[in-house]
Amino acid sequence: MRQHRLGTLTVGAQGLGCMGMSEFYGPALEAEAVATVHHALDLGVTLFDTADVYGIDGANERLLGQALAGRRGEAVVATKFGGVREAADRMPRIDGSPGYVRRACDASLRRLGTDHIDLYYLHRVDPAVPIEETVGAMAELVAAGKVRYLGLSEAAPETIRRAHAVHPISALQTEYSLWERGPEREILPVVRELGIGFVPYAPLGRGFLAGTIRSLDGLDPADYRRYDPRFQPDALAANLAIADRVRHLAEQRGTSPTRLALAWLHAQGDDIVPIPGTKRREYLEDNVGATSLRLSAEELASLDAAAPPGAAAGDRYVDMSRVNG
């Protein structure tokens, strides 16, 4: 697999998102998830993305740590902090206070079974704490050897600038795909100006661009997408039209919609490292296949026309307070 740069950090051109291995997208399949991590390493994937709020009591970090036992040196481990999960059925509250930064890092190190985190993200910016204070505490972790590189997730342009002025930010993680092109307006220009790499999460629209989801029928009762605004009936028709156009273009190329959608992302620049998530080896192989798919200028233009900015219907996130009461 070719290599891309996130700031000064070098990783494989495509990473693996591990969130769904523990929850959110149906039941956990631990043995298959571990086998998927091992297969990813064999295929040249180096960047593995998790967070302390993925799974109850840091279950996803523990799973990744177990999967990487004996092969830690082959992996670039990225995890995130800042969400404090106080109950299984609640969205986390945000804490970016310096004291919490240090406690969260030590807890993640224990769960991951490692002496350092390669890429440590602030999961969400705490509006009650100046970003300079949060990143200052993160920089102390770098000085202590507990963390090697710093990242932000879902941060606004001015926040990115202020954070980068305190300590170099290597990566900015934000949702980006053919059906979510918001970062193109302001985020991508800023990170490129500053030399920060970009890590798109949900690069397949939470599986929608794969073309296999036509309705909520068949999704596990606990699947997050049952509440996702873009999967609801009032938005579904418009979004299915996008998926159908991508599928049609994939058929013309003789590839899968998954590979085509990810190849479009790869074509956006060698400072972009998408992290499609899966807990199954068969889906992993389809995802990784996108790294060797080269698209012509005409194909890229056709995809741009098939899924222009703003085409997706529905908000990106649901108000979880309505779901959890």
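These figures come from a predicted structure and were not determined experimentally. (Residues numbered from 1 in each chain as written. Predicted model: local features only at pLDDT ≥ 70, side-chain atom pairs only at ≥ 80, totals over all residues. Heavy atoms only, no water.)

Participant: What exactly am I supposed to notice about the pairing of strand β1 (residues 3-6) here?
Facilitator: Side chains His-4 and Leu-6 project from β1 onto a buried face, and the interleaved Gln-3 and Arg-5 project onto a face without burial. Hairpin remark: β1 followed by strand β2 (residues 9-12), antiparallel, with two residues in the connecting loop; positive phi at Gly-7, about 65°. (Buried < 20%, exposed > 50% of the residue type's maximum accessible area, 1.4 Å probe, protein only. Helix = DSSP H or I, 4+ residues; strand = E, 2+ residues; numbered from the N terminus. Pairing = 2+ DSSP bridges.)

Participant: Whenever I open this one, the nonpolar core confuses me. Can you help?
Facilitator: Soluble, globular proteins show a tendency: their nonpolar side chains are buried together. Residues Leu-16, Phe-48, Ile-160 and Leu-172 are the most contacted members of the largest nonpolar core, which totals 79 residues. Take this core: its biggest share by element is seven residues, from helix α7 (residues 233-253). If we ignore the near neighbours within four places in the chain, the residues touching Ile-160 are Leu-152, Ala-155, Leu-172, Ile-187, Val-190, Val-191, Leu-194 and Ile-196. If you look at the next biggest cluster of nonpolar residues, it comprises 14 residues, including Leu-6, Ala-78, Val-199 and Val-273. (Core = buried A, V, L, I, M, F, W, Y, C linked by side-chain atoms within 4.5 Å. Contact = heavy atoms within 4.5 Å.)

Participant: Any chance you could explain the state of the cysteines here in plain terms?
Facilitator: Any covalent bond linking the sulfur atoms of two cysteines counts as a disulfide. Scanning all chains against the criterion turns up zero disulfides. Free of any disulfide, Cys-18 has its nearest cysteine sulfur in Cys-105, 18 Å distant. By relative accessible area, Cys-18 is classed as buried at 1%. (Disulfide = S-S within 2.5 Å.)

Participant: Looking at this structure, how should I read the side chain of Ser-256?
Facilitator: Assignment of secondary structure puts Ser-256 in the loop between α7 and α8 (257-266). Engagement of the side chain of Ser-256 in a polar contact is seen with the side chain of Asp-286, the distance being 2.9 Å. (Polar contact = N/O pair within 3.5 Å; in protein donor to acceptor, adjacent residues only side chain to side chain.)

Participant: Would you mind showing me how to read α8 here?
Facilitator: For an α-helix the count is 3.6 residues per turn, leaving residues at separations of three or four pointing the same way. Counting buried residues in α8 gives nine out of ten residues, a clear majority hidden from the surface. What α8 keeps buried is the set Pro-257, Thr-258, Leu-260, Ala-261, Leu-262, Ala-263, Trp-264, Leu-265 and His-266. Buried positions along α8 lie against β1, β11 (197-201), α7, α9 (281-288) and α10 (297-306).

Participant: What is the right way to read the pattern of salt bridges from this model?
Facilitator: When the charged atoms of two side chains lie near each other, side chains of opposite charge can form a pair. Applying the stated rule across the entire model yields 21 salt bridges. For the salt bridge of Arg-71 with Asp-42, the shortest nitrogen-to-oxygen distance reads 2.9 Å. Remark: Asp-42 occurs in helix α1 (residues 30-42) and Arg-71 occurs in the loop between α2 (59-67) and β5 (76-81); sequence separation between them is 29 residues. Looking at Asp-42, the relative accessible area reads 54%, which means it is exposed. Its salt-bridge partner being Arg-181, residue Glu-184 comes within 3.0 Å of it at the nearest N-O pair. Salt bridges linked by common partners bring Asp-42, Arg-71 and Glu-74 together as one network. (Salt bridge = Lys/Arg side-chain N within 4 Å of Asp/Glu carboxyl O.)

Participant: Would you explain the pairing of strand β9 (residues 147-153) in this entry?
Facilitator: Within a regular beta strand, the side chains point alternately toward one face of the sheet and then the other, so they alternate between its two faces. With respect to burial, β9 is a largely interior element, five of its seven residues being buried. Bridge analysis of strand β8 (residues 117-122) against β9 gives five bridges, and the strand direction is parallel. Each residue of the ladder has a partner; that of Leu-122, found in β9, is Leu-152. Running through helix α4 (residues 131-143), the crossover from β8 to the neighbouring parallel element β9 is right-handed. As paired elements, β9 and strand β10 (residues 169-175) share four bridges and run parallel to each other. Considered in β10, the bridge of Leu-150 is made with Ile-169. (Right-handed = clockwise from strand over helix to strand, strands pointing away.)

Everything listed is a geometric property; what it means functionally is a separate question.
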